[in-house]
Amino acid sequence: MVYVSILQSYLMKIIKFNYVDLKILNIAYPIILANITIPLLGITDTAVLGQLGDLNILAGISLGAVIIGAIYWFFGFLRMGITGLVSQAKGEGDFHEVVSLLIRGLFIAFGSGIFLIFIQSFLFDLTFYILSADEIPEKLSRNYMSVRMISAPVAISCLVITGWLFGLGKTLEALYLLLIINISNIFLDILFVKVFYLGINGVAFATVFSEILGFLVGLFFCKKYLFNRSLIDKRKIFSKLKWRQFLFLNLNIVIRSSFLQAAFLSYLFFGTLFGSLILAANHILFQMTHLIAYALDGIAFSSEILVGESIGKRQYNYYRKITRSCFKLGVIFSMILSIFFVIFGFSIINLMTSLDEVRQICYNYLFWIIVTPILALSSFLLDGIFLGAARGSEIRDAMIQSFFVFCISVLIFVELFGNQGLWASIAIFYVARGITLKRYLYKINVLF
């Protein structure tokens, strides 16, 4: 934390920050540090297996990690939906509702996780019916996903707890929670694969143990509220009106997230069609885009928290200052990320695989990673603003329109340019998300 403060002081000498900028930075830096550990985990998973020099294992983890990640990310609506509602409840001073939102989220998370365990065989069969994967990578990925499903209830619950902590502005606690999950996971990855030679199953078990640990730590961080009887109001928890508001917002976010995942998973679908080499290369590149996404999410989450508070307090001028500051800081962060990949992009690729054929393919696509932070910035920040305002319908509509643009791009560019066309289509998708969300921004004004 001392190094972060020194860096912040140095930046202040270069760029003049106002008090809103500093408030956003104080919220954002723990989120950014916490978020960066998530893609670092994916990079570690890929690196410990990619360095084994077996294309089947690398393709297997590519399939398994992305599919299970997509399943869990589908439940990201719980994280996204709860943050804005909690920040609004906090702004209104309604701490009974703050606790009720946590309990509602945990009910849904645990129930959904148990349901996933029961239907996992059907889910995997359906997935591989759609994907045309080679036999050995498919078998390895099925083994990986079966192990990962053990911790489904607690993994989804961790999303709820993280979103709830963000909504309260407890970003340091969220940082500690995600650091504990991901650092323990990285340590166990190396232990199980490099020491005990458990291969792809070792990576899966490392994640399971880490998610269980994270859930227990998360409950500890919530104990002041979750186990405080004076704040638990059963009538509020089971209020039909509140459940309807919670579920309706989350339904719109589910629709949004489903289209978003469909766009991002297209690299997996086309990778299986283009062959194992392209599949493995796309997986490595996608881990790098994850690093970008989670870094930019730090500013987006800050905007979500502060926009929610400004609406709860009915402070329009404060809302305007927040949005201006978020875009100012977002531009700075996106430029830093692009420069980072210009300098370290090749080294990161080399770290994640020892296969020369895969490395060469990745080198040819590094340009798309470098430009992604700049092209994606508006889509991330506007997403955070709309989530903070709990405007689910606008998020849904903008995503449907953007996905339509993406599909047209895929039909044209993949046919003409193959995998390069796919990455061009994803870049267009980012830009389309920013433009379509911007069109609905005026609707937030009615909340004040």
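Residues numbered from 1 in each chain as written. Predicted model: local features only at pLDDT ≥ 70, side-chain atom pairs only at ≥ 80, totals over all residues. Heavy atoms only, no water.

A. Just the overall build of the protein, in detail. A count of helices and strands for the protein gives 16 helices and 0 strands. Every one of the 448 residues in the protein was classed for burial, and the buried ones make up 59%. Across the protein, every contact between residues at least 6 apart in sequence was considered, and the portion connecting residues at least 24 apart equals 84%. Looking at the protein as shown, the accessible area adds up to about 18,600 Å², and 69% of this sits on carbon and sulfur atoms. (Helix = DSSP H or I, 4+ residues; strand = E, 2+ residues; numbered from the N terminus. Buried < 20%, exposed > 50% of the residue type's maximum accessible area, 1.4 Å probe, protein only. Contact = heavy atoms within 4.5 Å. Areas by Shrake-Rupley, 256 points an atom, 1.4 Å probe, with all protein chains shown as cover.)

B. Region of interest: the nonpolar core. Counting residues in hydrophobic clusters, the biggest one holds 141 residues, and the most contacted among them are Y72, M149, W164 and M288. In this structure, W164 is in contact with I82, V86, V98, L102, C222 and Y225, ignoring residues within four places of it in sequence. (Core = buried A, V, L, I, M, F, W, Y, C linked by side-chain atoms within 4.5 Å.)

C. Quick look at the packing of helix α12 (residues 276-312) against helix α14 (residues 356-388). Where α12 meets α14, the axes come as close as 7 Å, and the angle between the chain directions of the two elements is 15°. The orientation of α12 relative to α14 falls into the category roughly parallel. The way α12 lies across α14 gives a crossing that is right-handed. In terms of residue class, the contact of α12 with α14 is built from 27 nonpolar, 6 polar and 3 charged. (Axes fitted to C-alpha atoms, helices over the stretch in contact; angles between N-to-C directions. Parallel < 35°, antiparallel > 145°, perpendicular 65-115°, else oblique. Left-handed = near helix turned anticlockwise from the far one by under 90°. Nonpolar A, V, L, I, M, F, W, Y, C, P; charged D, E, K, R; others polar.)

D. Spatial organisation of helix α6 (residues 135-148). Compared with an ideal rise of 1.5 Å per residue, which puts 14 residues at 20 Å, α6 spans 20 Å between its outermost C-alpha atoms and is within 8% of the ideal. Of the residues making up α6, those classed as buried are P137, E138, S141, Y144, M145, V147 and R148. (Expected span 1.5 Å × (residues − 1).)

E. Inspection of the state of the cysteines at higher detail. Considering all chains together, one arrives at 0 disulfides under this definition. You can see C222 has no disulfide; the closest cysteine sulfur is in C158, sitting 9.9 Å from it. The buried category is assigned to C222, whose relative accessible area is 0%. (Disulfide = S-S within 2.5 Å.)

F. Broad picture of the packing of helix α4 (residues 76-92) against helix α7 (residues 152-167). At a minimum axis separation of 7 Å, α4 and α7 run at an interaxial angle of 25°. Accordingly, the angle class assigned to the pair α4 and α7 is roughly parallel. Here α4 and α7 pass one another in a crossing that is right-handed. Of α7, the residues touching α4 (which contributes G76, L78, R79, I82, T83, V86, S87 and K90) are I156, L159, V160, G163, W164, F166 and G167. Tallied by class, the residues present in the contact of α4 with α7 amount to 8 nonpolar, 5 polar and 2 charged.

G. Spotlight on the pattern of salt bridges. In the structure shown here, the tally under the stated rule is 13 salt bridges. Between E309 and K90 there is a salt bridge; the shortest N-O distance is 3.4 Å. With E309 in helix α12 and K90 in helix α4, the pair connects residues that are 219 residues apart, well separated along the chain. What makes E309 buried here is its relative accessible area of 9%. According to the relative accessible area criterion, K90 is partly exposed, its value standing at 29%. (Salt bridge = Lys/Arg side-chain N within 4 Å of Asp/Glu carboxyl O.)

H. A look at a nonpolar patch on the surface. Among the surface-exposed residues, F122, L126, Y129, I130, F269, L273 and F274 lie close enough to one another that they form a single nonpolar patch of about 760 Å² accessible area. When residues of the nonpolar patch are traced back to their parent elements, those giving at least two are α5 (95-130) and α11 (240-274). By residue number, the principal contributor to the nonpolar patch is α5, which donates 4 residues. One can find F122 in helix α5. (Patch = residues over 30% accessible without salt bridge, like charges linked within 9 Å, V, L, I, M, F, W, Y side chains within 5 Å.)

I. Here's a closer look at the environment of F341. As for its placement among the helices and strands, F341 is situated in helix α13 (residues 316-352). The exposure class of F341 is buried, given its relative accessible area of 0%. Taking the C-alpha atoms as reference points, F341 and M288, separated by 53 residues in sequence, lie 8.9 Å from one another. If we ignore the near neighbours within four places in the chain, the residues touching F341 are M288, L291, I292, I348, L366, I369 and I370.

J. Just the environment of L179, in detail. Mapped onto the elements, L179 comes out in helix α8 (residues 171-195). L179 gets classed as partly exposed once you look at its relative accessible area, which sits at 24%.

K. Fine view of the packing of aromatic side chains. Tallied over the entire structure, the rule returns 19 aromatic pairs. Geometrically, the ring pair formed by F166 and F301 is tilted, given 4.9 Å between the ring centres and 40° between the ring planes. Here the residue F166 occupies a position in helix α7, and F301 occupies one in helix α12, the gap between them amounting to 135 residues. Side by side, F166 and F301 carry an identical accessibility label, which is buried. Considering the side-chain rings of F259 and F403, the 5.0 Å spacing of their centres and the 55° angle between planes classify their relative orientation as tilted. Of this pair, F259 sits in helix α11 while F403 sits in helix α15 (residues 392-417), and the two are 144 residues apart along the sequence. For F259, a relative accessible area of 27% corresponds to the partly exposed category. (Phe/Tyr/Trp six-rings, centres within 6.5 Å; stacked < 30°, edge-to-face > 60°.)

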